[in-house]
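Fold and geometry: a report
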Amino acid sequence: MHSKYNSILLTGGRGLFGKAFLKKNKKIKKKIFAPPSSKLDITKKEETIKYLKKITPKLIIHAAALVGIQNCEKNKLLCKKVNIQGTSNIAEYVKKNNVRLIYISTDYVFDGKKGNYSEIDSPNPQSVYGKSKLSAENIVKKLNNHLIIRTSFFSKKKWKYKEAFIDQYTSRIEVDKLISKINKIIFTEFEGLIHIAGKKQSLFNIAKKIDKKTKPISLIHYKNLKIPKDISLNTSKWNKFLK
């Protein structure tokens, strides 16, 4: 399954997704390059191209991103630089070298007005973060051998906030379970766009299972942050793929 990918690049290898991916794929770890941003700064085009030419990957899993609604609102330029320009720099190499690109996207490309979003629903991001990820998707879509995975995930070990929304609904999935699912598709020939996620539930419901001390809060008090209410994802296409 992995044999044709003798060299694999994982961006964002120090993040939650990246660490889980490396842990789950120990059998092929010798094939995976997961450099820290100090060794590969994807916002620098020449540096990125030079690094890619050096390792000549046949598969790139692009998970590096500036994440979080508040974080991206406060750092708009950096968000665009990392999420859009960084993706564009990688895409340029991919286009010229016939490389398979897996792009890890987000449910925040939707406005949250209806929930249960499928791959054919029109994105309508409300935040700087969501808009930057959709822009990156549009860059990736133009490439021949690409797969865009929209998802949302969490670590069962720690909930990093003291509070969680009782009225925001999501399909976040535990990161180790996500990697197990992703491994079933990234090494195949499957191309295009797919949603991989868990069941719909409130953010508070997820958080409470991880940390019982988590306090409930409401979106009503955070209207200025443009947080979508229901960004649950429909995974019918994924279920069909498994059959």
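The structure reproduced in this document is the subject of the present report. Predicted model only: the values in this text are computed from it and were never measured.

1. Some details on the packing of helix H2 (residues 45-55) against helix H4 (residues 76-97)
Their axes nearest at 9 Å, the elements H2 and H4 cross at an angle of 40 degrees. Our classification of the angle between H2 and H4 gives oblique. The hand of the H2/H4 crossing is right-handed. Judged by residue contacts, Lys45, Thr48, Ile49, Leu52 and Lys53 of H2 engage Asn89, Ile90, Glu92 and Tyr93 from H4. Tallied by class, the residues present in the contact of H2 with H4 amount to four nonpolar, two polar and three charged.

2. Considerations on the packing of aromatic side chains
Applying the stated criterion to the full structure yields nine aromatic pairs. Centre to centre, the rings of Phe110 and Tyr117 are 4.2 Å apart; their planes meet at 5 degrees, and the pair counts as stacked. Each member of the pair Phe110 and Tyr117 is classed as buried. Through a chain of ring-to-ring contacts, three or more aromatic side chains come together here, namely Phe17, Phe21 and Phe153. Taking the ring centre of Tyr169 as reference, the NZ or CZ of Lys200 above it sits at 5.4 Å.

3. Quick notes on the packing of helix H1 (residues 16-24) against helix H6 (residues 175-182)
Two elements in contact, H1 and H6, have axes separated by 9 Å at closest approach and are oriented at 60 degrees. The orientation of H1 relative to H6 falls into the category oblique. Judged by the twist between their axes, the crossing of H1 over H6 is right-handed. The residues of H6 that touch H1, namely those facing Leu16, Phe17, Ala20, Phe21 and Lys24, are Val175, Asp176, Leu178, Ile179, Ser180 and Ile182. Of the residues contributing to the contact of H1 with H6, the split by class is eight nonpolar, one polar and two charged.

4. Concerning the pairing of strand S4 (residues 100-106)
With seven of seven residues buried, S4 is to be regarded as a mostly interior element. Of the two faces of S4, the one carrying Arg100, Ile102, Ile104 and Thr106 and the one carrying Leu101, Tyr103 and Ser105 are both buried. In this sheet, S4 lies alongside strand S3 (residues 59-62) in parallel orientation, the contact comprising four bridges. Of the residues in S4, the one forming a bridge with Ile61 is Ile102.

5. Let's talk about the layout of surface pockets
By volume, the second largest pocket is sized at about 230 Å³. Together, Phe154, Lys156, Arg172, Ile173, Glu174, Lys177, Gly198, Lys199, Gln201, Ile206 and Lys209 line the second largest pocket. Looking at the lining of the second largest pocket, the elements with two or more residues in it are strand S9 (173-174) and helix H7 (203-210). When the residues that make up the lining of the second largest pocket are grouped by side-chain class, the tally is three nonpolar, two polar and six charged.

Cut-offs and rules
- Residues numbered from 1 in each chain as written.
- Predicted model: local features only at pLDDT ≥ 70, side-chain atom pairs only at ≥ 80, totals over all residues.
- Heavy atoms only, no water.
- Axes fitted to C-alpha atoms, helices over the stretch in contact; angles between N-to-C directions.
- Helix = DSSP H or I, 4+ residues; strand = E, 2+ residues; numbered from the N terminus.
- Parallel < 35°, antiparallel > 145°, perpendicular 65-115°, else oblique.
- Left-handed = near helix turned anticlockwise from the far one by under 90°.
- Contact = heavy atoms within 4.5 Å.
- Nonpolar A, V, L, I, M, F, W, Y, C, P; charged D, E, K, R; others polar.
- Phe/Tyr/Trp six-rings, centres within 6.5 Å; stacked < 30°, edge-to-face > 60°.
- Buried < 20%, exposed > 50% of the residue type's maximum accessible area, 1.4 Å probe, protein only.
- Lys NZ or Arg CZ within 6 Å of the ring centre and 35° of its normal.
- Pairing = 2+ DSSP bridges.
- 1 Å grid on protein atoms, 1.4 Å probe; cavity = no way out; pocket = protein on both sides within 12 Å on 5 of 7 lines; lining within 4 Å.
- Points joined across faces, edges and corners; volume = space filled by probe spheres on them.

It is worth stressing that arrangement in space is one thing and function is another; only the former is reported here.
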